[in-house]
Amino acid sequence: MKINYFLLLLVVIFLTSACATTPIHTDTGNTKIKVLAVESFLGDITQNIAGSRIVVDLLIPPGVDPHEFEPAPADIAKISDSTLIVVNGGGLEPWLDKTIALDAGQQKVIIASNGLVPRNEQKTGGLVATKSGQKGSNPTTDPHFWLDPNLVITYVENIRDGLIAVDPTGKEEYSHNAENYIIQLQELDRWINDQVSDIPTGRRLLVTNHESFGYFADRYGFKIIGTIVPSFSSLAAPSAYQLAQLIELIRSNNVKAIFLETGANPILARQIASETGAKVIEDLYTHSLTPSTGPASTYIEMMRFDTLTIVNALK
Ligand SMILES: [Zn+2]
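Residues numbered from 1 in each chain as written. Predicted model: local features only at pLDDT ≥ 70, side-chain atom pairs only at ≥ 80, totals over all residues. Heavy atoms only, no water.

Engineer: Go over the overall build of the protein chain with me, naming the residues and quoting the values.
Structural biologist: Along the backbone of the protein chain there are 10 helices and 8 strands. The long-range share in the protein chain, meaning contacts at least 24 apart out of those at least 6 apart in sequence, stands at 67%. Carbon and sulfur atoms make up 55% of the accessible area of the protein chain, which amounts to about 14,400 Å² in all. (Helix = DSSP H or I, 4+ residues; strand = E, 2+ residues; numbered from the N terminus. Contact = heavy atoms within 4.5 Å. Areas by Shrake-Rupley, 256 points an atom, 1.4 Å probe, with all protein chains shown as cover.)

Engineer: I'd like a rundown of the coordination of the zinc ion, residues and numbers included.
Structural biologist: Metal coordination angles in their ideal form are 109.5 degrees for the four-donor tetrahedron and 90 or 180 degrees for the six-donor octahedron. Looking at the zinc ion, one finds its protein donor set to be His67 (NE2), His144 (NE2), His210 (NE2) and His287 (NE2), positioned 1.9 to 2.1 Å from the metal centre. Classification of the site at the zinc ion as tetrahedral follows from its 4 donor atoms and the range of 102 to 121° in their angles at the metal. Of note, the zinc ion draws all its donor residues from one chain, in the sequence arrangement H-x76-H-x65-H-x76-H. A residue pair is termed long-range when its members are at least 10 positions apart, and histidine 144 in the loop between strand E4 (109–111) and helix H5 (149–166) and histidine 210 in the loop between strand E5 (205–208) and helix H7 (214–220) qualify at 66 residues. (Donors = N, O, S within 2.8 Å, 3.2 Å for Na, K, Ca; no water. Tetrahedral: all angles 85-135°; square planar, octahedral: opposite > 155°, others 65-115°.)

Engineer: Tell me what's going on with the pairing of strand E8 (residues 279–284), and back it up with residues and numbers.
Structural biologist: Summarising the sheet, strand E7 (residues 257–261) and E8 pair through 4 bridges and their orientation is parallel. What sits directly across from isoleucine 258, in E8, is valine 280. The parallel pair E7 and E8, bridged by helix H9 (residues 267–276), forms a crossover whose chirality is right-handed. (Pairing = 2+ DSSP bridges. Right-handed = clockwise from strand over helix to strand, strands pointing away.)

Everything listed here is a matter of coordinates, which is why it stays silent on function.
So, in C-alpha cells, the structure goes:
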C-alpha cells in the first residue's frame, strides 16, 4: 500500500513541479494555488493571512485529534494535489515525514513553528518527567507552541513568507494581512494576561490529560502539577503507579480542577476526581477548532474560550 502512495506522490510532485515552471498569475488572486493546512487552527491562521486571494483547505477536519490522525488514501491525494501544505511541525505530525519526505527543502511545505525552540523536555515534579509512556511515534519535544499566542507570531511570519514564495504578486496583501493578524494576537495575549490575573498566583495549577499546556503555562505563570497521560502525545497511557502519584500530587497541592481536551476519555479523570475532590472540566479546545456554530470556530475564539474556562474553574 505505502509503495503505491509513494509512487502516486512522485508522479504528482513531478507534475506540480513541472507546472511550477510556468506560473499563472491573475490580477484578482490566484486560484491555481492550492493551500492545504493540516490542522484546523492552522487553517484559520493561514486564511487570515491569505485573505481573499486564496481559499485555504483543511486536511484534518474539526473535532479530530491530530495526534491520532493517519492519512487515508484520499488525504494523501489531497496532499499531493496541493501547491503548499501548512504543518505545525515539532513532532505533531509524525506521519508527515513518511508521506512527504520527498519534498524536503522545497517550498511546498511550510513548517509554521520553524525557528521556535521547544521548551525543555525535562520538567520538574509530577509525572511529566517520567520516561514511561514514550513509545511508538510520540514526540520527544513539545509541539504545542500555538497555545501561546506570542509564539503564533512566528507561525504567521512563516506562513506569510510561504505564501509570498508561491504567489509573489500577493506580497502586499499577505504582508498587510499578517501585520493585522499579529496585532490581534498581541491583543489576545494582553487579554489572556488580564483574565489570568483574576486567579490568585497559588491557584494557578494545571492538571491536564496530556502535556499540551506547557507553553501556555510558561507564558501566563501557571505551574503544571501533572498530566494523566505522561506524554506530549494524547496516545500514551499511564501506569497504576503513575496515577497514584498524580492523585497524591493533586491532594498535596490542593488542585481545584482537572482539565480535559474535548474528545479525551474522561474515565480516569473522573476516577481521580472522586478520590481528590477536584472537579473535571471536559471541554477545552486545544488541537482542533469547532465547526462555525461552536464556541471555538477560530484560533482566537478557541484561546479566549479556554482561558475563560480555566479562569472560571480556578479563581
Ligand atoms: Zn497534544
